[in-house]
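Descriptive analysis of the structure
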Amino acid sequence: MEPENALRRMRRWSDSAAMPPGPERISLFLTNKCNLHCRHCWRNWADWDRSSASELPDARWMRLVDEGAEIDTRHWIFLGGGEPLVRHKLMMQMIHKMAAHSMTSWIHTNGTLFTPEMIDAMMDKGVQEIIFSIDGPDAATNDAIRGSGFEKAVSNMAYFEQRKKQLSVDCPGLFLNATLTNLTYDQLDRFADLAASIGPGVKVFLSGLIVEDVETASLALSPEQKSALPEYLQKGMRRARELGISTNFDRFLDGELIDDNLNMQRNVQPSQRIGLSGALCYEPWLSAAILPDGTLGPCCAFFDPKSLSIRDLSLKEVWTGVYMQGVREGMFNGKPPGYCVRCPSNLFVDKERIRMALTEQLRRDCMSGVERLSDMAQRVMSMLYQQGPAALLSNIAQWFKFHYGDK
């Protein structure tokens, strides 16, 4: 989510606390079932309903889309609790209904269950991005982690690129997402080669490995490998630039994303509360995640059996209910839910970017006119002194574009 959209949504919370807006985006875990058996998957160590008897029926998921439209949800993300395409008929029906409401969606998938017919059917249905989880630049490496699926996933990515070219469209954008492991840390340049071989617009993203059990520990980088990682990141970045491939490799030059990613929030504290400014995280106001059994929380790291469920309540009732109210309050009193320590590396970086922007802007919204003018004058002089007149003019132009558009 871009900071501008997040700010608009948060201002609606400030302006209408009695009737707050719904989540801008909702992440959907349709199922915990999967056709692959990845070594680093949470399904190997967590306690979950392996019978899948608790999964919501299709009709409830379909009704959810209409309820989202009623409270102004604009974007949906089909995530892999298991593999969302295990329930592909339901997913396709939901995508069509979302498109009818002028909503957009993303899909995070292992990419092996697509068919040409499925791909053709979603080409003009508001699917903006599809993230393919591929954990090696070749079949041997990927399948050593995921069991199988490399050739099928790459073939399906290529078919998406072929159809986009035939239809002269840019969407869906394709991402190749790899978990950073000791089998791949020194092959990052080859991921760029793989992306380029599929299509010129394919992006490569890394995710940090979360170590939870013996199997995930066996994939973690050793101290020596962590020391060597920056060199391989730089090599991968150089190769990506040569090929015109976008990556997020630079994020992992920050060693904290590797060293202790089971405690990503350790250095983040709420600041002074002024209105809605100062929260530890703004996801509970901006987004929601719904697990296969219908329980709802603030983000994709969420898991709490005490939360309310959309099984017997409406989306609005759960979104404004006691559980989410408690989560929001915890973001101010320094007592967030326990699952916040598992904030995935990329989500953490993105939410921190939004948190810093919103905290500053929402604080200004609470200022008096005189205070705001004084604050603006100080910031203008500081930027002029530190960055020069060109940077100042650029920021002024961005400010006008944000507040007044291209008029």
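Anything mentioned here points back to the structure above.
The text that follows walks through the structure, step by step, so that each part is easy to find. Residue positions within a chain follow its written sequence, with the count starting from 1. Restriction of local features to residues with pLDDT of at least 70 applies here, the model being predicted, together with a cutoff of 80 or more for giving and counting side-chain atom pairs; totals for whole chains, interfaces and linings are based on all residues. Hydrogens and water molecules were not included; the side-chain quantities draw on all heavy atoms of the structure.

Inspection of the secondary structure assignment puts A195 in helix α7 (residues 188-198). A195 sits 19 residues away from L176 along the chain, and the two C-alpha atoms are 7.1 Å apart. In this structure A195 touches L176, V202, V204 and I245, once residues within four positions along its chain are discounted. Only DSSP runs of H or I reaching four residues or more are called helices, and only runs of E reaching two or more are called strands; each is numbered from the N terminus. The contact criterion used is simple: two residues touch if any of their non-hydrogen atoms lie within 4.5 Å.

Take α7 next. Throughout, exposure labels follow a simple rule: accessible area from a 1.4 Å probe, protein chains only, divided by the maximum for the residue type, with under 20% read as buried, over 50% as exposed, and the rest as partly exposed. Turning to α7, its buried residues number three or more, namely L188, D189, F191, A192, L194, A195 and I198. Of the surrounding secondary structure, the elements contacted by the buried residues of α7 are α6 (150-167), β5 (173-179), β6 (203-207) and α9 (223-243).

Residue position: R8 is located in helix α1 (residues 3-15). On the accessibility criterion, R8 (42% relative accessible area) is partly exposed. Between the C-alpha atoms of R8 and L358, which are 350 residues apart in sequence, the distance is 9.9 Å.

What counts as a salt bridge is simple: a side-chain nitrogen of Lys or Arg found within 4 Å of a carboxyl oxygen of Asp or Glu. For the coordinates displayed, the defined rule picks out 22 salt bridges. Taking the shortest distance from any N to any O, the salt bridge between D72 and R9 comes out at 3.6 Å. In this pair, D72 sits in the loop between α2 (58-70) and β2 (75-78) while R9 sits in helix α1, placing the two residues 63 residues apart along the sequence. A salt bridge links E215 to R39; its shortest N-O distance comes to 2.6 Å. Here R39 lies in the loop between β1 (25-28) and α2 and E215 lies in helix α8 (residues 214-217), a separation of 176 residues in the sequence. You can call R39 partly exposed: its relative accessible area is 25%. Through salt bridges with shared partners, one network takes in R9, R12, E24 and D72.

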